Amino acid sequence: MDYKKKTVILAGIALALTLLYILFDLKGNIGYILPRRIIKVLAIVLTGGAIAFATTVFMTITNNRILTPSVLGLDSLYMLIQTFIIFVFGSNSIVMMNSSINYLMSILIMILFSLVLYRFLFKGEKNNIYFLLLIGMILGTFFNSFTSFMEVLIDPNEFMVAQDRGFASINNVHKDLVYLSIGIIILALLYFWRFYKYLDVLALGKDDAVNLGVSYDYVVKRLLIIVAVLTAVATALVGPITFLGLLVVNITYEFLKTYRHFYIILASVFIGIIALVGGQFIVENIFTFQTTISVIINFIGGVYFIYLLLKENRSW
Amino acid sequence: MVEVKNLLKTYNHKTVVDDVTLKIEKGTMTSFIGPNGAGKSTLISIITRLIAKDSGDIQIDGKDVLKTDSNELAKKISVLKQSNSINLKLTVRELVSFGRFPYSKGKLTKEDEKQIDEALEYMELTDMENKFLDELSGGQRQRAHIAMVIAQDTEYIFLDEPLNNLDMRHSTQIMKILRRLVDELGKTILIVIHDINFASCYSDNIVALKDGKIVKQGRACDVIDACVLKELYDMDIEIQQVGDKRICVYY
């Protein structure tokens, strides 16, 4: 079976799961339930797709299969923003209660942060991508520490709210935010389209890419901005969820066994959707909200990785 | 013609390329020799825009390298670096196809396919074109990379130690192919090489570098000289004339 067929099959599974999620046990007030479910599934699809997409591009830029956009420090920054708001204004403040304001503010700060970081680092000669990652990691750790610092100072009830923000949750996503996210993602994709052809070549590494005529710094900087925007949108929409990318993209590479980014990106988006929609379905219908989707995905992903390790082991 | 003027590159106060000025004629094969750390690879990387220079001037066919559009430049010069650790699931043919990227941006035309076929044939890789790179031996992989550079079909070809990991048979095979590229297709080849006998036997000109400075540049027979090599490697090297070839005995 070649990678094209596999991609089509993945698309089929993703679609089937989405439909299952929308239509499963659909009774009672359909006019109320159906639109709510569609919004929810849209949010899941957007998040899964955006994270898978961003992680694929990020891994290609860095030529590294274990790095995800979380090393840019974006989800740490998100947690810092949330905790800071609670610390200063309290959990009952308008910024915390009104999800639109919170969303817009988080997204703006995260994107601004990335732009400032890139601008600062790409200025001058030191345009080394690993230097950027190092700074991102250090800042991420700093944000984490600062978050913990504020968390221990606030009221225990406020602390619960702050902690709750640390788990990705799709249960109370507002529909306006979903529409807004769709808009931002479409803009990012349109911008991405000009750079799409470079991805296969970038995967060869910097020297080969430059040899083949890619304006490396120019292209990589713009791709990094797209990665930041997509990550920011997904994080602001449902919470820190970049862990999903590592799993999804590695599974995609393992499953498709090709280098062609057109298929890798499509397939990773589908696998991202399958993982999130499937996970959410299990959370809602089997565990009846007793657990979070992060737990399910990490569990299944962990099992898959152990399987990969065992399989690799045998072939030695 | 490749013209380099007063090229300078320092890393943390250590000068790696020190005021290098050289001229490479079209249609020749030039070898860069010298001990480890002489700045050969850095020099090649700077000329081919992989590394930024500190100062100096590089012109290829009268045009400043840094001011030329990168994609246009990729149709004129190609470069292959020492370490080729690609960890993608790529077949030989797919790798070679990348050489056509500057022309077709990933959508291969008939002309591209023809060039790829020729490059594969040149490097005798046709029968293993569908093998994955990670199934190949080091030497075969090296040949696949050179095939990619050949498919790129540029006037100037820069190779950084292309004989790494190759046995004698494949080394001579590659040097003969490079020679053919120069003699039959009129390419200009610049090559970093450690084995001075290969440099002596196959290249037209040799540039000898030490500590970032040019010790001597000129025709191969002039540089392969006991005095020059003594200065370059700090060891006594005897030179024997075998047929029309000058062979260095340093064992």
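What you see is a predicted model; the values in this text were computed from it and never measured.

Visitor: Looking at this model, I keep getting lost on the overall build of chain B. Mind explaining?
Guide: Looking only at helices and strands, chain B features ten helices and twelve strands. For 251 residues, the compact-globule estimate of 2.2 N^0.38 gives 18 Å, and the C-alpha radius of gyration of chain B, at 18 Å, lies within 12% of that figure. If you line up chain B on its principal axes, its C-alpha atoms span 50 × 45 × 35 Å. Within the span of chain B, comprising 251 residues, buried residues form 53% of the whole. Across chain B, contacts joining residues at least 24 apart in sequence account for 65% of those joining residues at least 6 apart.

Visitor: Help me understand the packing of helix H5 (residues 99–122) of chain A against helix H8 (residues 175–193) of chain A, please; the structure alone is not making it clear to me.
Guide: The relative placement of two packed helices is expressed as an angle between their axes plus a distance between the axes. Residues and elements named next belong to chain A. In the contact formed by H5 and H8, the axes pass within 11 Å of each other and the chain directions differ by 25°. Our classification of the angle between H5 and H8 gives roughly parallel. Where H5 abuts H8, its residues Ser99, Ser100, Tyr103, Leu104 and Ile107 lie against Leu177, Leu180, Ser181 and Ile184. Partitioned by chemical class, the residues of the contact of H5 with H8 number six nonpolar, three polar and no charged.

Visitor: Before we go on, may I ask you to explain the interface of chain A and chain B in this structure?
Guide: On the side of chain B, 23 residues touch chain A, which itself brings 20 residues to the contact. Taking both partners together, chain A and chain B bury about 2000 Å²; carbon and sulfur atoms supply 63% of that area. Note that B:Glu94 is salt-bridged to A:Arg260, the shortest N-O span being 3.3 Å. Counting every contact that joins chain A to chain B gives four residue pairs in polar contact (both at pLDDT 80 or more). Of all the elements in the fold, those that place two or more residues in the side of chain A that touches chain B are helix H9 (199–202) and helix H10 (206–211) of chain A. For the side of chain A that touches chain B, the leading source of residues is H10(A), giving five residues.

Visitor: Which parts of the structure should I look at to understand the sheet that holds strand E2 (residues 14–24) of chain B?
Guide: By way of backbone hydrogen bonds, the strands of a sheet pair with one another, either parallel or antiparallel. Residue and element names in this part refer to chain B. Ordered in space as E2-E1-E4-E5, the four strands form an open sheet in which the pairing is antiparallel. Single-partner strands in this sheet number two, and they are E2 and strand E5 (63–64). Sheet topology note: the strand E1 (residues 2–11)/strand E4 (residues 55–60) ladder contains five bridges and is antiparallel. Bridged to valine 4 within E4 is isoleucine 58.

Visitor: Got a minute to help me understand the pattern of salt bridges in this structure?
Guide: Note on pairing: side chains with opposite charge can pair once their charged atoms come close. All names here are of chain B. Scanning all chains against the criterion turns up 25 salt bridges over all chains. The shortest N-O distance in the salt bridge between lysine 81 and aspartate 160 comes to 3.8 Å. Here lysine 81, found in the loop between strand E6 (77–80) and helix H3 (92–98), pairs with aspartate 160, found in strand E7 (residues 156–160); they are 79 residues apart in sequence, far enough to count as distant. For the pair formed by lysine 81 and aspartate 160, the shared burial category is buried. Each member of the salt-bridge network shares a partner with another, and the members are Lys26, Asp61, Lys76 and Glu155.

Visitor: How do you make sense of the domain arrangement of chain B when you look at a structure like this?
Guide: The accessible area lost on association of the parts is a frequent measure of interface size. All names here are of chain B. Its domain assignment divides chain B into domain 1 (2–76 + 154–249) and domain 2 (84–153). On a C-alpha basis, the centroid separation for the pair domain 1 and domain 2 is 24 Å. Counting residues at the interface gives 21 residues for domain 1 and 14 residues for domain 2. Summed over both sides, the interface between domain 1 and domain 2 buries roughly 1500 Å², with carbon and sulfur atoms accounting for 60% of that surface.

Visitor: So what exactly am I meant to see when it comes to the sheet that holds E6(B) here?
Guide: Residues and elements named next belong to chain B. Read across the open sheet, the six strands follow the order E6-E7-E8-E3-E9-E10; overall the sheet is mixed. Of all the strands in the sheet, the pair left with one neighbour each is E6 and strand E10 (213–219). Recorded for the sheet is a direction-independent mean angle of 15° between the axes of neighbouring strands. Across the sheet, helix H6 (residues 138–151) touches E6 and E7, and the angle it forms with E6 is around 170°. Strands in contact with helix H7 (residues 168–185) are strand E3 (29–33), E7 and strand E8 (188–192); relative to E8, the strand with the most contacts, it is inclined by about 150°.

Visitor: Explanation requested: helix H5 (residues 110–122) of chain B in the structure shown.
Guide: At 3.6 residues per turn, the α-helix brings residues three or four places apart onto the same side. All names here are of chain B. The terminal C-alpha atoms of H5 lie 18 Å apart, and with 13 residues this matches the ideal 18 Å at 1.5 Å per residue to within 8%. What H5 keeps buried is the set Asp112, Gln115, Ile116, Ala119, Leu120 and Tyr122. Taken down its axis, H5 places every buried residue within 160° of arc, on the same side. Away from its buried face by more than 90 degrees, H5 exposes Lys110 and Glu121. Of the surrounding elements, those touching the buried residues of H5 are H3, helix H4 (101–104), H6 and H7. Glutamate 124 lies just past H5 and shows a positive phi near 55°.

Visitor: Before we go on, may I ask you to explain unusual backbone geometry in this structure?
Guide: Residues apart from glycine generally show negative phi values, whereas peptide bonds are mostly found in trans. Not every positive phi belongs to a glycine, and A:Lys257 is a case in point at roughly 50°. Considering the arrangement of structural elements, one finds A:Lys257 in the loop between helix H12 (243–256) and helix H13 (261–285). Although it is not a glycine, B:Asn6 sits at a positive phi angle of roughly 45°. Structurally, the position occupied by B:Asn6 is in strand E1. Judged by its relative accessible area of 43%, B:Asn6 is partly exposed.

Scoring rules and cut-offs
- Residues numbered from 1 in each chain as written.
- Chains lettered and ligands numbered in written order.
- Predicted model: local features only at pLDDT ≥ 70, side-chain atom pairs only at ≥ 80, totals over all residues.
- Heavy atoms only, no water.
- Helix = DSSP H or I, 4+ residues; strand = E, 2+ residues; numbered from the N terminus.
- Rg over C-alpha atoms; globule rule 2.2 N^0.38 Å.
- Buried < 20%, exposed > 50% of the residue type's maximum accessible area, 1.4 Å probe, protein only.
- Contact = heavy atoms within 4.5 Å.
- Axes fitted to C-alpha atoms, helices over the stretch in contact; angles between N-to-C directions.
- Parallel < 35°, antiparallel > 145°, perpendicular 65-115°, else oblique.
- Nonpolar A, V, L, I, M, F, W, Y, C, P; charged D, E, K, R; others polar.
- Buried area = accessible area lost by both parts, 1.4 Å probe.
- Salt bridge = Lys/Arg side-chain N within 4 Å of Asp/Glu carboxyl O.
- Polar contact = N/O pair within 3.5 Å; in protein donor to acceptor, adjacent residues only side chain to side chain.
- Pairing = 2+ DSSP bridges.
- Domains from an automatic or database assignment.
- Expected span 1.5 Å × (residues − 1).
- Arc of directions from axis to C-beta.

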